[in-house]
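Report on the structure
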Amino acid sequence: MAHRKKNKNVGIIGIGQTKYSSHREDVNQPEMIHEAVKAALEDAGITMNDIDCVVHGNMELFEMVHQPDLWHVIGTGAYGKNCIRITTGGTVGATIACAADNFVASGMYDIVMAIGFQKLQEGHTTGGITNMADPLWFRNLQTGALTGSKAYDVIREFGEERGKRASLMYRIIMDKHACLNSLAHRAFGLEFEQIDELIRTSPKLVGDLKLIDMCSQSDGACAVIFAEEKKAKKISKKPVWIRDHITIHREETFNIFGYDEKFPVQTTMRVAAENLYKRNGIGKPLEYFDVFEMYDPASWWALDWLRDFFLLKGDEHLRLVENKDIMIGGKMPINPSGGVIASNPISATALIRVAEAALQIRGDAGKHQIPSPVRHALASGFGGTMWTVLMMLEKELNW
Amino acid sequence: MSLDYDRKDCFVVNGKLALPYSYFAGRVGSKFITTIRDQKKIMGVKCDKCNKVFIPPRQTCERCLEDIRNNWVELGNIGEVVNFTVVRYNDGHLPRKAPYILALIKLDGADTPFAHILDGLKPEQVEIGMKVEAVFADETTNTILDIDHFAPSKTKKVQVSERAPAEKAPAAAKIEPQPGLDERRKAMSRKVIITAALAGAATMKNQNPAVPYSPQEFAEEAYKCYKAGAAMVHVHAREDGGMATHDHARIKATYDAIRGKCPELIVNMSSAVGMGKTAEQRISQIIHVKPEMASLNTNTMNFSLLDRKTGKIFIDFVFENTFTMLQNFGKAMEENGVKPEIEVYDMGGLDNTMLIMKQGFFSEPMNFNFVWGVAGGQAFRPDAFLCLKNAIPAGANFTTCGVGNDQFPAVTMSCLVGGHMRVGLEDNIRIPNGEMAKGSYEQVEWAVRIAECQGREPATPDEAREIMGLKKR
């Protein structure tokens, strides 16, 4: 949608999440999805009769289920309704939020429910991801979402000790946040004193990407209900408004391996951030936003991306982390929920960022609610091949 | 036709993907499989809101979004083929050697069919509608193949669609001539049988709170009607939520509650049950409960809900009563000692009955009920009433009921020309002055007044039995 061409304003009126965990033997896929759907309907105080359209998002190859949107109707409530399935890799959750926003903003539907889910324990993620590599260039190259390139970049620029310590600092802050979120999958109870030990002992996955740096593989679902302004105000006491969103995909998969100092690649994070802020007249994003729910697949990436997302220079982003400014209570809290490193049911993951950002604005995040008022929140999504989605959420309809 | 393009130097990569996966059946799916495996029982789950019984079971009704995970229903092993295909080629992944039949089977009591192998007959012998029975596997595989296959059913059961012509029925069911019977009937022509139709399938508590749902409510309401002068009650059992049910246990419980509260009363049960019920569901409950009397519907017709002021249709429903059903239901009732109350919605329905009765299975006297005002049937007109009255066989009885505003004019007419009267909340929720009826019993009180005005007396249940040819208690 062209910016500022919204036909209607759109608000989030309902949020539902399951507990995120490594296994859910007690439920099958539609049953797990239904837990989130039910919670979102209850949160909004409406029934499925009020929903005009369901946007279903998952990576269908990851569970080896074809046409999952049809298979899941028992749980999604989409029986007899318009239903659209969206698959865009790691960004799925963010893309379904954008799609739901666009559907409502256009006037096509009044109330749309976006459902992201993944039950990774049932499928074979690497089998799915491998399919996206060009067979001509040997598919084994792309054997999953693991890459050590960001660790390499950060260490080259800032030195091994500072880079590794900053990455672990970020990781432990995320764990401290996750310990406050009862829905988070991994919450270890890590302490800052363990940084040196973890650098030494955590098994290496690729290069300097260690097991402790990496996100989890989770089962879980998230549902978010979007409504047009009039209905949103009528139904919800505190609707959270979608101000704008942007999707950038401009790189080829293999660019991530082709980094060259002399020809730096402009990342999709920076392109997305620059364009989004420019068209919304936001000069100082670090001051404007009160909280950021970032899609952080590994602590190395998160560290590096902070610079791009907030348009920072030099080592400003490292200092944000080193000074613990990104902690709950800090200058720019990142992922009070614990982020992707704590919970990663892939196609729900980016929708959880939107949901958690909205909960922060509502003040309903519970133990991981940041103490200062939240008026402006940012949520990001990231996925293959190097896509970035950024969404701005607002407490007031006043921009 | 060969494609004409240049293939020279076109490089092709051949690969193979391994696709490992696990499937988590969940608790509900797991119980379904383990119950088949360990107990050789097939279980479904039922949605209390829409009354559907799902198999394979699921945690949520996808239409009502009700949590139904604990609403288990045992379904038995017998079902009906609703569709099939014949697999005619062999392949490694197939569970049988070709040719074999893959059928969609709807178990008795279930509302959804599922696919399984049908064995024990040749592909050319399979028919839609045939009864089949589950054969369990000797060795478990922890899959749906713990039901090894389905085979044509050998179990004897009420089978509406496959009944052999009943040779003995007419003779057996016929009432032996009794000395002086006609005289006694004549003497009783002053008596009028008042029936109270307590609930029907569609009248809900939000329309009139006196509509009974629970067995207890039915019993209380029936008792009040009996006290007011009714000899018979007509019953469609309901779920607690108000939905009409074909569930044997619930219907029996409702029947037993009424009989417990007022043993003398005649209980006449519906074989229509409610919208969307199958023939099997409609008749098997009658055979299960064996009431003294049951309704028998005579024609396939529209049976709709609409706004009578604007003519706007809310629910467009076709009430199916084929000749086969009329015949099979009638025979099943007569064979089980259940006296049919023949429901006539127009002259065509009466004529249908007159054709079928040539087979001779209806016992005498026949009892008709003229139904007026159904959206899909005829509205009440006195001259049409007389036409129907004059068309029924000599010696037959008739009563009448009318929907809404047709109720009291129609029963008045019936009483006037020697027939009987049916009132009740199934047909109308008000009394003649337009006020909400306090219950079916208040309409019975009005019917008693109508009879008194014409010098007739309400029949006691035993007198009604005598008139309608029911067995003595």
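The structure displayed is predicted, hence computed values, not measured ones.

Details of the overall build of chain B
On a plain count of helices and strands, chain B comes out with 12 helices and 22 strands. Taken as a whole, chain B presents about 22,700 Å² of accessible surface, with 53% of it coming from carbon and sulfur.

Let's talk about the nonpolar core
Among the nonpolar cores identified, the biggest contains 106 residues, and Ile-12, Phe-226, Ile-334, Leu-390 and Leu-393 of chain A are the most heavily contacted of them. With 11 residues, helix 16 (residues 346-362) of chain A is the single largest residue contributor to this core. What Ile-12 of chain A contacts, discounting residues up to four positions off in sequence, is Val-224, Ile-225, Phe-226, Pro-239, Val-240, Ile-242, Val-354, Ala-358 and Leu-393 of chain A. Val-211, Ile-287, Phe-380 and Cys-415 of chain B belong to the second-largest nonpolar core, a separate cluster that totals 68 residues.

Section: the environment of Asn-90 of chain B
Residue and element names in this part refer to chain B. By secondary structure assignment, the location of Asn-90 is in the loop between strand 4 (78-87) and strand 5 (100-107). Expressed as a C-alpha distance, the spacing of Asn-90 and Tyr-100, which sit 10 residues apart in the sequence, is 9.8 Å. Dropping the residues within four chain positions of it, Asn-90 is found in contact with Arg-96, Lys-97 and Ala-98. Reaching out from Asn-90, the side chain makes a polar contact with the backbone nitrogen of Ala-98 at a distance of 2.6 Å.

Here's the deal with the pattern of salt bridges
Residues and elements named next belong to chain A. In the structure shown here, the tally under the stated rule is 52 salt bridges over all chains. Here Lys-231 makes a salt bridge to Asp-110, at a shortest N to O gap of 3.2 Å. Of this pair, Lys-231 sits in helix 10 (residues 229-235) while Asp-110 sits in the loop between helix 5 (92-106) and strand 4 (111-119), and the two are 121 residues apart along the sequence. We classify Asp-110 as partly exposed; its relative accessible area is 21%. With a closest N to O distance of 2.8 Å, Lys-233 and Glu-229 form a salt bridge. With Lys-233 and Glu-229 both in helix 10 and four residues apart, the pair spans about one turn of that helix. Overall, Glu-229 belongs to the partly exposed group, its relative accessible area being 24%.

Here's the deal with the environment of Ala-36 of chain A
Residues and elements named next belong to chain A. Secondary-structure assignment places Ala-36 in helix 1 (residues 29-44). As for Ala-36 and Phe-117, which are separated by 81 residues in sequence, their C-alpha atoms are 9.1 Å apart. With near-sequence residues (within four places) excluded, Ala-36 lies in contact with Gly-16, Gln-17, Thr-18, Ala-221, Cys-222 and Ala-223.

Re the packing of helix 6 (residues 279-289) of chain B against helix 7 (residues 323-335) of chain B
Residue and element names in this part refer to chain B. Relative orientation of the contacting elements helix 6 and helix 7 amounts to 15°, with a least axis distance of 10 Å. Between helix 6 and helix 7, the angle falls in the class roughly parallel. The handedness of the crossing between helix 6 and helix 7 is right-handed. Within the contact between the two elements, helix 6 uses Ala-279, Arg-282, Ile-283, Ile-286 and Ile-287 and helix 7 uses Met-325, Phe-329, Ala-332 and Met-333. Tallied by class, residues from the contact of helix 6 with helix 7 come to eight nonpolar, no polar and one charged.

So, the pairing of strand 12 (residues 266-269) of chain B
Residues and elements named next belong to chain B. Along strand 12, one buried face is formed by Ile-266 and Asn-268 and the opposite face, lined by Val-267 and Met-269, is buried too. Bridge count for strand 11 (residues 232-235) against strand 12 is four bridges, and the pairing is parallel. Each bridged residue has a counterpart across the sheet, and for His-234 the counterpart in strand 12 is Asn-268. A crossover connection joins strand 11 to the parallel strand 12 through helix 5 (residues 248-261); in handedness this β-α-β unit is right-handed. Sheet topology places strand 12 next to strand 13 (residues 293-297); two bridges connect them, and they run parallel. Note on strand 13: the bridge partner recorded for Met-269 is Ala-294.

Here we look at the interface of chain B and chain A
Contacts between the two partners involve 19 residues from chain B and, on the opposite side, 24 residues from chain A. Of the roughly 2,000 Å² buried between chain B and chain A on both sides combined, carbon and sulfur atoms contribute 64%. Interface area lost by chain B to chain A is led by Phe-24, Glu-62 and Leu-65 of chain B, which between them contribute 31%. The interface formed by chain B and chain A contains four residue pairs in polar contact (both at pLDDT 80 or more). Of the residues that constitute the side of chain B that touches chain A, the class distribution is 11 nonpolar, four polar and four charged.

About the thresholds
Residues numbered from 1 in each chain as written. Chains lettered and ligands numbered in written order. Predicted model: local features only at pLDDT ≥ 70, side-chain atom pairs only at ≥ 80, totals over all residues. Heavy atoms only, no water. Helix = DSSP H or I, 4+ residues; strand = E, 2+ residues; numbered from the N terminus. Areas by Shrake-Rupley, 256 points an atom, 1.4 Å probe, with all protein chains shown as cover. Core = buried A, V, L, I, M, F, W, Y, C linked by side-chain atoms within 4.5 Å. Buried < 20%, exposed > 50% of the residue type's maximum accessible area, 1.4 Å probe, protein only. Contact = heavy atoms within 4.5 Å. Polar contact = N/O pair within 3.5 Å; in protein donor to acceptor, adjacent residues only side chain to side chain. Salt bridge = Lys/Arg side-chain N within 4 Å of Asp/Glu carboxyl O. Axes fitted to C-alpha atoms, helices over the stretch in contact; angles between N-to-C directions. Parallel < 35°, antiparallel > 145°, perpendicular 65-115°, else oblique. Left-handed = near helix turned anticlockwise from the far one by under 90°. Nonpolar A, V, L, I, M, F, W, Y, C, P; charged D, E, K, R; others polar. Pairing = 2+ DSSP bridges. Right-handed = clockwise from strand over helix to strand, strands pointing away. Buried area = accessible area lost by both parts, 1.4 Å probe.

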